[in-house]
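Spelled out from the first residue to the last, the chains are:
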Amino acid sequence: MTTLVTGSRGKIGSTLIQLLKDHGTDVRAASARPDELAVPTGVTAVRVDLHDPATFAEALDSVDSVFLYAEPAQIGAFLERAESAGVQHIVLLSSSSVLDPASADSPIVASHFAVEQALGASAIETTVLQPGAFAANALQWAWTLKGGGAIDLPYPGSYTDPIHERDIAEAALAVLIESGLHGTSYHLTGPRSLTFAGQIAALERATGLTIPVNHVSPGAWKKSVSDYLSPALADALLGYWAANDGVPTPITRNVEALTGHPARTFDTWAAENADAFRTPSGPSAA
């Protein structure tokens, strides 16, 4: 059995590759820049650019299953080539944002929704993972802190359901290797619903730092991110955070059901990644 893993440069993809190899599965690590991959011994790196159908055929040859990122640009061509190659099963990394039908046109949701729709119309058996907020989203704050700045939060009391990236990879392994888990969707969350303020408190415990926070207006935050976020995406994020301000997000136990262990806490993630938030002269780990 051969599994093609797209997004192999990312934390989830690279972790899944090692898990599959340890399980004894033949793995192909796919990336638009395979020469930059550091793959385990025995794993083949192949070029797959999900925007370029010319890269699909060779990578999919003799592949049985695919771990797929939700890139809609050429999803029709990808599925056509996968069917021709005899792919039997695709595991899609989607998002729990698709579970809100009212958000289908949101730029946060659109790409995931489009790929889910395309896979639903395909003859290939599909399993969909729908994780909530990645715990690793907190890394966006690290650059601000290392630069001596404060974290701007328009909704410090907004809740998310941060999930550890290894839990997503382990859930993907389970649905790839267990045929009885194929063909359905799994909403994945961390074990607790946490506010942004709660996440920052966990980072303070893990790092020994006092993390400065500015409670800013939505308009001020949108202006501060205008150099790298489109107005539509900024508005979508603000709308999501406003809707969850003071409202805990629903938590599932699907990570435990798929992996056999409870989902890792945000405190665990913070402890593992504490050094990313410290300046070279900052406090050492306790």
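The following refers to the structure shown. (Residues numbered from 1 in each chain as written. Predicted model: local features only at pLDDT ≥ 70, side-chain atom pairs only at ≥ 80, totals over all residues. Heavy atoms only, no water.)

### Digging into the overall build of the protein
Argument step 1. The number of helices and strands found in the protein is eleven helices and eleven strands.
Argument step 2. Since a compact globule built from 286 residues should have a radius of gyration of about 19 Å, the 20 Å found for the protein is in line with a globular shape.
Argument step 3. Overall, the C-alpha framework of the protein stretches about 55 × 40 × 35 Å when taken along its three principal axes.
Argument step 4. By residue count, 45% of the 286 residues in the protein fall in the buried class.
Argument step 5. Expressed as a percentage of contacts within the protein between residues at least 6 apart in sequence, the contacts between residues at least 24 apart total 72%.
Argument step 6. For the protein, the computed accessible surface area is about 13300 Å², with 51% contributed by carbon and sulfur atoms.
Argument step 7. On the protein, the mean spot of the 16 positive side-chain charges and the mean spot of the 30 negative ones are 7 Å from each other. (Helix = DSSP H or I, 4+ residues; strand = E, 2+ residues; numbered from the N terminus. Rg over C-alpha atoms; globule rule 2.2 N^0.38 Å. Buried < 20%, exposed > 50% of the residue type's maximum accessible area, 1.4 Å probe, protein only. Contact = heavy atoms within 4.5 Å. Areas by Shrake-Rupley, 256 points an atom, 1.4 Å probe, with all protein chains shown as cover. Lys, Arg positive; Asp, Glu negative; His and termini not counted. Charge placed at Lys NZ, Arg CZ, Asp CG, Glu CD.)

### As for the nonpolar core
Argument step 1. Ranked by internal contacts, the top residues of the largest apolar core, which has 28 residues, are Val5, Leu16, Leu20, Phe67, Leu129, Leu188 and Leu258.
Argument step 2. Secondary structure elements with two or more residues in this core: helix H1 (11-23), strand S2 (26-31), strand S5 (89-93), helix H6 (165-177), strand S9 (185-188) and helix H10 (254-259).
Argument step 3. For this core, the element with the most residues is H6, which contributes eight residues.
Argument step 4. Each residue touching Val5, except ones within four places of it in the same chain, is listed here: Gly13, Leu16, Ile17, Leu20, Val27, Arg28, Ala29, Ala30 and Phe67.
Argument step 5. Membership of the second largest hydrophobic core comes to 25 residues, among which are Ala135, Trp221, Val225 and Leu229. (Core = buried A, V, L, I, M, F, W, Y, C linked by side-chain atoms within 4.5 Å.)

### Here we look at the pattern of salt bridges
Once their charged atoms are close, side chains differing in charge can pair, the charge on each being opposite to the other.
Argument step 1. Following the criterion strictly, the structure yields ten salt bridges and no others.
Argument step 2. For the salt bridge of Glu170 with Arg264, the shortest nitrogen-to-oxygen distance reads 3.2 Å. One end of the pair, Glu170, is in helix H6; the other, Arg264, is in the loop between H10 and helix H11 (266-272), and 94 residues separate them in sequence.
Argument step 3. When its relative accessible area of 21% is taken as the criterion, Arg264 is described as partly exposed.
Argument step 4. Asp267 is the salt-bridge partner of Arg205, the closest N and O atoms lying 2.8 Å from each other. Of the two residues, Arg205 sits in helix H7 (residues 196-207) while Asp267 sits in helix H11, which places them 62 residues apart along the sequence.
Argument step 5. If you follow the salt bridges from partner to partner, you end up with Arg166, Asp167, Glu170 and Arg264 in one network. (Salt bridge = Lys/Arg side-chain N within 4 Å of Asp/Glu carboxyl O.)

### Re the sheet that holds strand S3 (residues 44-47)
Argument step 1. What the seven strands build is an open sheet, ordered S3-S2-S1-S4-S5-S6-S9; its pairing is parallel. A single partner strand is all that each edge strand has here, and the edge strands are S3 and S9. Taken over all neighbouring pairs, the strand axes of this sheet differ in orientation by 20° on average, direction set aside.
Argument step 2. In this structure, strand S1 (residues 2-5) lies alongside strand S4 (residues 65-69), joined through three bridges in parallel fashion. The partner of Leu4 across the bridge, within S4, is Val66.
Argument step 3. Sheet strands touched by H1: S1, S2, S4 and S5. Its angle to S1, the strand with the most contacts, is close to 165°.
Argument step 4. Here H6 sits on the sheet in contact with S1, S4, S5, strand S6 (125-131) and S9, set at roughly 165° to S6. (Pairing = 2+ DSSP bridges. Axes fitted to C-alpha atoms, helices over the stretch in contact; angles between N-to-C directions.)

All quantities given are derived from atomic positions and should not be read as evidence of function.
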